[in-house]
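# Descriptive analysis of the structure
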Amino acid sequence: MPEYRSDFIQTLTARGFLHQCTDIEALDKRASEGIITAYVGYDATADSLHIGNLVSIMMLHWLQETGHRPIVLMGGGTTKVGDPSGKDETRQLLTDEKIASNIASIRQTFDSFVSFGDGDAEAILVNNAEWLDALEYIPMLREVGRHFTINRMLTFDSVKTRLEREQPLTFLEFNYMILQAYDFVELARRHDCALQMGGSDQWGNIVNGIDLGRRIADKELYGLTTPLITTASGAKMGKTAEGAVWLKADRFAPYDYWQFWRNTEDADVGRFLKLFTDLPLDEIARLEALEGAEINDAKKILANAATRMLHGSDAADGAAQTSEQTFESGVTAEGLPTTDLPRSELESGIALFALMARAGLASSNSEARRLIKGGGARINDVAINAETHEVGVDAINPDGVIKLSAGKKRHALIRPV
């Protein structure tokens with residue numbers, strides 16, 4: 001491993017964050033000589049980020065931990081366009097009010113990873129609508145651009161040999177790369193930002209910003225990307241049978257978040273400890289050397305540390321205790337996700353498949369039916385394989401709740417009210 005001068009580049013390299021950098025030696029030198037300002041951009045297409053964003057969030061964390069200044073750039077402007085990177089269809093356009101609401105919600109997540117303030121190395125949150133809206137460019141694109149696909153534009157001789165794409169790409173989306181490059185220049189002008197960071201799929205957009213900064217602002221800018229994170233088995237990081245792993249507690253409960261990390265594949269434990277926790281590297285080296293049954297202890301430490309960073313110590317401790325009670329002690333645990341149900345519905349009888357769906361253990365009634373038919377459903381730890389099974393008041397256990405299970409690892413409580 002090359003020897004770097006700055007704590008920042010040393011840390012990113014040692015923990016596995018570094019994939020590409022436009023000029024690693026120059027960036028390292030600059031970071032070793034003083035405070036640098038760097039940013040990562042996030043569009044506000046939902047009210048929560050997901051675990052796919054966590055690598056870049058952790059980069060901002062380590063940027064600040066090594067003495068530098070993070071910028072969290074919220075795409076209040078670019079969200080109105082939509083990033084076409086890796087997408088096969090056009091995103092639904094959101095209203096200004098919805099975008100503002102999403103930004104306010106997402107802002108809370110970053111409080112767990114960086115410290116905001118006015119100091120030289122304190123993080124700031126910036127909204128690119130500050131400058132993009134003022135251009136009066138986006139309203140025109142939203143009104144007209146979304147009706148034109150690049151595919152048809154490519155039929156003209158002047159451009160058809162320049163780009164090929166199998167899926168439709170609107171002119172609205174085609175402008176995203178221009179706006180992202182402009183963001184970098186504006187941040188350099190307004191906040192002396194010298195570095196843009198992001199996932200490997202953003203490399204082209206980042207390089208565009210660097211080139212634009214040199215051409216129109218005479219700025220020396222840098223780009224740094226992380227590798228695409230996949231599991232040891234080759235699966236995309238953060239995808240579960242139930243969908244995305246969201247970072248907001250009301251979208252993905254802290255207990256489920258803890259379980260997600262606890263279920264990490266053996267071969268990924270060391271790598272994920274480096275990327276997604278703040279544990280010291282010497283401690284991680286000890287944990288990743290564990291073998292056999294002891295690797296489960298390392299997984300619990302991973303789950304505790306990752307959950308603590310996002311949701312706090314109380315949530316992490318509660319999730320760990322709930323897991324121990326559920327899986328090791330065999331008792332119903334209070335910390336499991338709980339759904340209130342009118343007692344009158346139980347008195348009348350309710351289909352198990354419907355109850356599984358309402359408890360969040362299946363995305364639909366049909367998925368719940370398949371789960372039951374396949375032998376994956378349990379009531380109070382008793383397997384049920386009849387699709388027509390009805391749940392009544394007799395299912396209420398001595399703790400006053402009904403414990404539902406989907407497979408061996410996913411559980412929820414129904415509380416009669």
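This one's a predicted model, so the numbers in the text were calculated from it and none came from an experiment. (Residues numbered from 1 in each chain as written. Predicted model: local features only at pLDDT ≥ 70, side-chain atom pairs only at ≥ 80, totals over all residues. Heavy atoms only, no water.)

Within the element layout of this structure, Gly223 appears in strand β6 (residues 222–226). Here Gly223 falls in the buried class, since its relative accessible area comes to 0%. As for Gly223 and Gln196, which are separated by 27 residues in sequence, their C-alpha atoms are 5.0 Å apart. Other than its neighbours up to four places away in sequence, Gly223 contacts Gln20, Cys21, Thr22, Leu195, Gln196, Trp203, Ile206 and Ile210. (Helix = DSSP H or I, 4+ residues; strand = E, 2+ residues; numbered from the N terminus. Buried < 20%, exposed > 50% of the residue type's maximum accessible area, 1.4 Å probe, protein only. Contact = heavy atoms within 4.5 Å.)

What follows covers the sheet that holds strand β12 (residues 382–384). Strand order in the open sheet made by the five strands is β9-β15-β14-β11-β12, with mixed pairing throughout. Looking at strand neighbours, the two that pair on one side only are β9 (338–341) and β12, the edges of this open sheet. Shown here is a sheet whose adjacent strand axes are inclined to one another by a mean of 30 degrees, direction ignored. Examined bridge by bridge, strand β14 (residues 402–406) and strand β15 (residues 410–416) share five bridges and lie antiparallel to one another. Note on β15: the bridge partner recorded for Ala406 is Arg410. (Pairing = 2+ DSSP bridges. Axes fitted to C-alpha atoms, helices over the stretch in contact; angles between N-to-C directions.)

Inspection of the secondary structure puts Ser56 in helix α3 (residues 54–65). According to the relative accessible area criterion, Ser56 is buried, its value standing at 11%. Apart from residues no more than four positions distant in its own chain, Ser56 is found in contact with Val40 and Tyr42.

A few words on the pairing of β15. For β15, the buried fraction is high: five of the seven residues fall into the buried class. Across four bridges, β9 lies against β15 in parallel orientation. Opposite Asp340, over in β15, you have Arg415 as the bridge partner.

The next thing to look at is the sheet that holds strand β3 (residues 69–75). Taken together, six strands build an open sheet; the order of strands is β1-β6-β5-β2-β3-β4 and the sheet is mixed. Since the sheet does not close on itself, it has two edges, and those belong to β1 (20–21) and β4 (124–127), each with one partner. Two elements, β3 and β4, share four bridges in a ladder whose sense is parallel. Residue pairing for β4: Met74 is matched across the bridge by Asn127. Relative to β6, helix α2 (residues 24–33) is tilted by about 105 degrees, and along the sheet it contacts β1, β5 (195–199) and β6. Across the face of the sheet, helix α4 (residues 96–110) comes into contact with β2 (37–43), β3 and β4 while running at roughly 155 degrees to β3.

Here we take up the packing of helix α12 (residues 269–276) against helix α13 (residues 281–288). In a packed pair of helices, the relevant descriptors are the angle between the two axes and the axis-to-axis distance. Relative to each other, α12 and α13 sit at 160 degrees, their axes nearing to 9 Å. In terms of axis orientation, α12 runs roughly antiparallel to α13. As α12 runs across α13, the sense of the crossing is right-handed. In this structure, α12 contributes Gly270, Leu273 and Lys274 to the contact, and α13 contributes Leu281, Ile284, Leu287 and Glu288. Looking at the contact of α12 with α13, its residues break down into four nonpolar, one polar and two charged. (Parallel < 35°, antiparallel > 145°, perpendicular 65-115°, else oblique. Left-handed = near helix turned anticlockwise from the far one by under 90°. Nonpolar A, V, L, I, M, F, W, Y, C, P; charged D, E, K, R; others polar.)

This part covers the packing of aromatic side chains. Summed over all chains, the structure comprises seven aromatic pairs. Where Tyr257 meets Trp261, the ring centres are 6.0 Å apart and the plane angle is 80 degrees; that geometry is what we call edge-to-face. In this pair, Tyr257 and Trp261 are both assigned in helix α11 (residues 254–262), four residues apart and thus about one turn of the helix distant. Side by side, Tyr257 and Trp261 carry an identical accessibility label, which is buried. Linked through ring pairs, Tyr257, Phe260, Trp261, Phe272 and Phe276 together constitute an aromatic cluster. A cation over an aromatic ring shows up here: Arg107 above the ring of Phe116, its NZ or CZ 4.0 Å from the ring centre. Against the face of Trp246 rests Arg251, its NZ or CZ located 4.1 Å from the ring centre. (Phe/Tyr/Trp six-rings, centres within 6.5 Å; stacked < 30°, edge-to-face > 60°. Lys NZ or Arg CZ within 6 Å of the ring centre and 35° of its normal.)

All right, on to the packing of helix α1 (residues 7–14) against α3 then. Closest axis-to-axis distance for the α1/α3 pair is 9 Å, and the angle between their directions is 145 degrees. In terms of crossing hand, the pair formed by α1 and α3 is right-handed. Where α1 abuts α3, its residues Phe8, Thr11 and Leu12 lie against Met59, Trp62 and Leu63. Taken together, the residues of the contact of α1 with α3 break down into five nonpolar, one polar and no charged.

Here we come to the nonpolar core. With 72 residues, the main nonpolar core has Leu54, Met197 and Trp261 as its most contacted residues. Apart from residues lying up to four places away in sequence, Leu54 is in contact with Phe113, Leu247, Tyr257, Trp261 and Phe276. One finds Leu341, Ala359, Ile402 and Ala406 within the second-largest nonpolar core, a separate group that totals 24 residues. (Core = buried A, V, L, I, M, F, W, Y, C linked by side-chain atoms within 4.5 Å.)

Per the counting criterion, the structure on display carries 18 salt bridges. Residues Asp266 and Lys299 are paired through a salt bridge, measuring 2.6 Å at the closest nitrogen-oxygen approach. One end of the pair, Asp266, is in the loop between α11 and α12; the other, Lys299, is in helix α14 (residues 295–311), with 33 residues separating them in the sequence. With relative accessibility at 47%, the residue Asp266 sits in the partly exposed group. According to the relative accessible area criterion, Lys299 is buried, its value standing at 8%. Between Glu345 and Arg358 there is a salt bridge, with its nearest N and O atoms 2.8 Å apart. With Glu345 in helix α16 (residues 343–348) and Arg358 in helix α17 (residues 352–358), the pair connects residues that are 13 residues apart, well separated along the chain. For Glu345, a relative accessible area of 26% translates into the label partly exposed. The exposure class assigned to Arg358 is partly exposed, which follows from its relative accessible area of 40%. (Salt bridge = Lys/Arg side-chain N within 4 Å of Asp/Glu carboxyl O.)

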